[in-house]
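Letter by letter, the chains look like this.
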Amino acid sequence: MADRLMFASVFVSFVGVILFYVSYLIKNARPHKSASITTKSTSITTECRSGDETDIIIVGAGVVGAALALTLAKDGRRVHVIERDLTEPDRIVGELLQPGGYLKLMELGLEDCVENIDAQRVFGYALFKDGKNTRLSYPLEKFHADVAGRSFHNGRFIQRMREKASSLPTIRLEQGTVVSLLEEEGTIKGALYKTKSGKEMKAYAALTIVCDGCFSNLRRSLCNPQVDVPSCFVGLVLENCQLPYENHGHVVLADPSPILFYRISSTEIRCLVDVPGQKVPSISNGDLSKYLKNVVAPQIPEELKDGFIAAVEKGNIRTMPNRSMPAAPQPTPGALLMGDAFNMRHPLTGGGITVALSDIVVLRDLLRPLRDLHDSYTLCKYLESFYTLRKPVASTINTLAGALYKVFCASPDKARQEMREACFDYLSLGGVFSNGPVALLSGLNPRPMSLVIHFFAVAVYGVGRLLLPFPSLKRMWISARLISGASGIIFPIIKAEGVRQMFFPATVAAYYRAPPPQ
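Predicted model only: the values in this text are computed from it and were never measured.

1. Some words on the sheet that holds strand S4 (residues 96-97)
Taken in spatial order, the 3 strands of this open sheet run S4-S8-S5, and their pairing is antiparallel. Where the open sheet ends on each side, the last strands, each with one partner, are S4 and strand S5 (120-122). Relative to strand S8 (residues 149-151), S5 is paired through 3 bridges, and the arrangement is antiparallel. By the bridge assignment for S8, Gln120 is matched with Ser151.

Laid out in structure tokens, this is it:
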């Protein structure tokens, strides 16, 4: 019995020594938690634990990212902006700021960003069709004299905001490419990015806002995108020539689709030729130049023909797909989508910057009462109201852009031809018939119901033109198809935008959602 007890004691002691030795090895082989981050970062990435230093990470420093950074910094937020390329952008769109957008710029205190970049004031539009033209002025009578549209080089406007952002101590503006978002247990904690030198870094913050533009590689993490490409823009710059109506945007209702002209500096006029479909004639073999000279040039105003042909022969022709994407958010704790990464519309009406600045005002007002952003789930629930509160402005401009593009395009369908003619004649009537639609277009009166009323007023006006003074069976049939076609244009766009959020936002629970207690 004594031998058995002695054997058991020796065995237990031996096992205890082995366990103690193993635990000692494990303890010394595994560093402390903070050391594991450092070790891991040495072999893979460098951890930039900016949670205590940064409140918000913004991915992208275009119009949205730069303006948002400035706005949040003014409210005392510490912002880290990561932009792929900080050199001046060179784009052929995003060059027009509507008066409604300028009012939002003033509300954000950023109106000086359109100064000293040779921006041109815009007071309305001129429409051209089949040798006829009409001028549509913005209804600016009730506003300060400085309120008007602005047209400019997109890159100059962005650089002006970036320079202003880089001067603020609470904004860190860094060049880098965001590879992915950092996720832990369903919550976005920050971003993994590569610096300009190629070094891989991780940045952390309470909220990450993704606004990396129309070619976003991150949007699929935060929404279910349904991108449509109805057409492409072919861009040219006309030099040292005059517009028929200075300080106005010009829209030519050409065949097959519209042509735009507007001044982007004191010496340059931007021309955008819309080409339906996802492909344009080849630049390399000269097909595009032939198309512009033989098909487009004969349809533009005489005052611009020589400058247009000279620009084509100069050869600096740019192309860009026109994308349309309804907002389809998937609320994600710790992250938010904004700008063209989140919502796009056809650029025909130049409403993109206005929607973006309006969204920034909505988000600023939502975040202002909050001191702490670290409760990701509560913040995510609260920010669902952002998607509702933005709808009246965004949906009005989005719907108008999509509907006008379809109406302005030529068609072999007789009913569509009548709708196009009716739209031109309706706007030419002046007074309330032009002021109402132009107020919608300019962002000065972004009311969805007003949009629907004017759109169907155009359709009814077209029916009246057909049936008066003496209706016929053929004209009655075309009239029925015109109303049906108008419905087929606008209702799918409204459905994609969300009927309830667009027309009855106050019925959505998130509309009244109060800020979480701090």
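2. Side note on the pairing of strand S3 (residues 79-83)
A regular strand carries its side chains on alternate faces of the sheet. Counting buried positions along S3 gives 5 out of 5 residues, so the element sits mostly inside the fold. By the alternation rule, side chains of S3 split into Val79, Val81 and Glu83 and His80 and Ile82, which are all buried. Two strands pair when backbone bridges link them, and strand S2 (residues 56-59) and S3 are joined in this way by 4 bridges, in the parallel orientation. Looking at S3, one finds that Ile58 is bridged to Val81. In the sheet, S3 pairs with strand S9 (residues 171-184) via 5 bridges, with the strands oriented parallel. Directly across from Val79, in S9, lies its bridge partner Ile171.

3. Description of a nonpolar patch on the surface
Together, Leu389, Tyr511 and Tyr512 line one region of the surface with nonpolar side chains, adding up to about 310 Å² of accessible area. Take Tyr512: it is sitting in the segment after helix H15 (499-503).

4. Here we look at the packing of aromatic side chains
Evaluation of the coordinates by the stated rule reveals 11 aromatic pairs. Every member of this aromatic cluster is reached through a ring pair, and the members are Phe342, Phe386 and Tyr387. The ring of Tyr102 is capped by Arg150, whose NZ or CZ atom sits 4.4 Å from the centre of that ring.

5. Focus on the environment of His153
Structurally, the position occupied by His153 is in the loop between S8 and helix H5 (154-166). For His153, a relative accessible area of 18% puts it in the buried group. In this structure, the C-alpha to C-alpha distance between His153 and Leu96, residues 57 residues apart in sequence, is 8.8 Å. When residues no more than four places from it in sequence are discounted, the contact partners of His153 are Ile264, Ser265 and Glu268.

6. Thoughts on the environment of Arg465
Relative to the helices and strands, Arg465 resides in helix H13 (residues 448-467). Here Arg465 falls in the partly exposed class, since its relative accessible area comes to 29%. Taking C-alpha positions, Arg465 is 9.4 Å from Ser479, a pair spaced 14 residues apart along the chain. Those residues in contact with Arg465 that sit more than four places away from it in its chain are Glu418, Glu421, Ala422, Asp425 and Arg475. At 3.2 Å, the side chain of Arg465 and the side chain of Glu418 are in polar contact.

7. So, the packing of helix H3 (residues 63-74) against H5
Interaxial distance between H3 and H5 falls to 9 Å at its minimum, and their mutual angle equals 25 degrees. On the basis of the axis angle, H3 is roughly parallel to H5. Note that H3 runs across H5; the crossing there is left-handed. Along the contact surface, H3 presents Val63, Ala66, Ala67 and Leu70, while H5 presents Asn154, Phe157, Ile158, Met161, Arg162, Lys164 and Ala165.

8. A few points about the sheet that holds strand S15 (residues 259-263)
A sheet is described by the order of its strands in space; here 7 strands give the open sequence S7-S6-S14-S15-S16-S13-S17, paired in mixed fashion. A strand with exactly one partner marks an edge of an open sheet, and here the two such strands are strand S7 (132-137) and strand S17 (318-324). The average angle at which neighbouring strand axes cross in this sheet is 20 degrees, direction not considered. Relative to strand S16 (residues 268-276), S15 is paired through 5 bridges, and the arrangement is antiparallel. The residue bridging Phe261 from the neighbouring strand is Cys271, located in S16.

9. Focus: empty space enclosed by the protein
The final tally for this structure, using the stated rule, is 4 cavities of 30 Å³ or more. There is about 320 Å³ of room inside the largest cavity. Leu400, Leu404, Phe408, Leu427 and Pro437 are, among the 22 residues lining the largest cavity, the residues nearest its centre. Elements represented by at least two residues in the lining of the largest cavity include exactly strand S6 (124-129), helix H10 (391-408), helix H11 (414-428), helix H12 (432-441) and H13.

10. Notes on the pairing of S9
Relative to strand S10 (residues 187-195), S9 runs antiparallel, the two being bridged by 8 bridges. Within the sheet, the bridge partner assigned to Ser180 lies in S10 and is Leu192. A loop of 2 residues connects S9 with S10, the two strands running antiparallel in sequence, and Glu185 in this loop sits at a positive phi of about 55 degrees.

Here is what the cut-offs are and how they apply
Residues numbered from 1 in each chain as written. Predicted model: local features only at pLDDT ≥ 70, side-chain atom pairs only at ≥ 80, totals over all residues. Heavy atoms only, no water. Pairing = 2+ DSSP bridges. Helix = DSSP H or I, 4+ residues; strand = E, 2+ residues; numbered from the N terminus. Buried < 20%, exposed > 50% of the residue type's maximum accessible area, 1.4 Å probe, protein only. Patch = residues over 30% accessible without salt bridge, like charges linked within 9 Å, V, L, I, M, F, W, Y side chains within 5 Å. Areas by Shrake-Rupley, 256 points an atom, 1.4 Å probe, with all protein chains shown as cover. Salt bridge = Lys/Arg side-chain N within 4 Å of Asp/Glu carboxyl O. Phe/Tyr/Trp six-rings, centres within 6.5 Å; stacked < 30°, edge-to-face > 60°. Lys NZ or Arg CZ within 6 Å of the ring centre and 35° of its normal. Contact = heavy atoms within 4.5 Å. Polar contact = N/O pair within 3.5 Å; in protein donor to acceptor, adjacent residues only side chain to side chain. Axes fitted to C-alpha atoms, helices over the stretch in contact; angles between N-to-C directions. Parallel < 35°, antiparallel > 145°, perpendicular 65-115°, else oblique. Left-handed = near helix turned anticlockwise from the far one by under 90°. 1 Å grid on protein atoms, 1.4 Å probe; cavity = no way out; pocket = protein on both sides within 12 Å on 5 of 7 lines; lining within 4 Å. Points joined across faces, edges and corners; volume = space filled by probe spheres on them.

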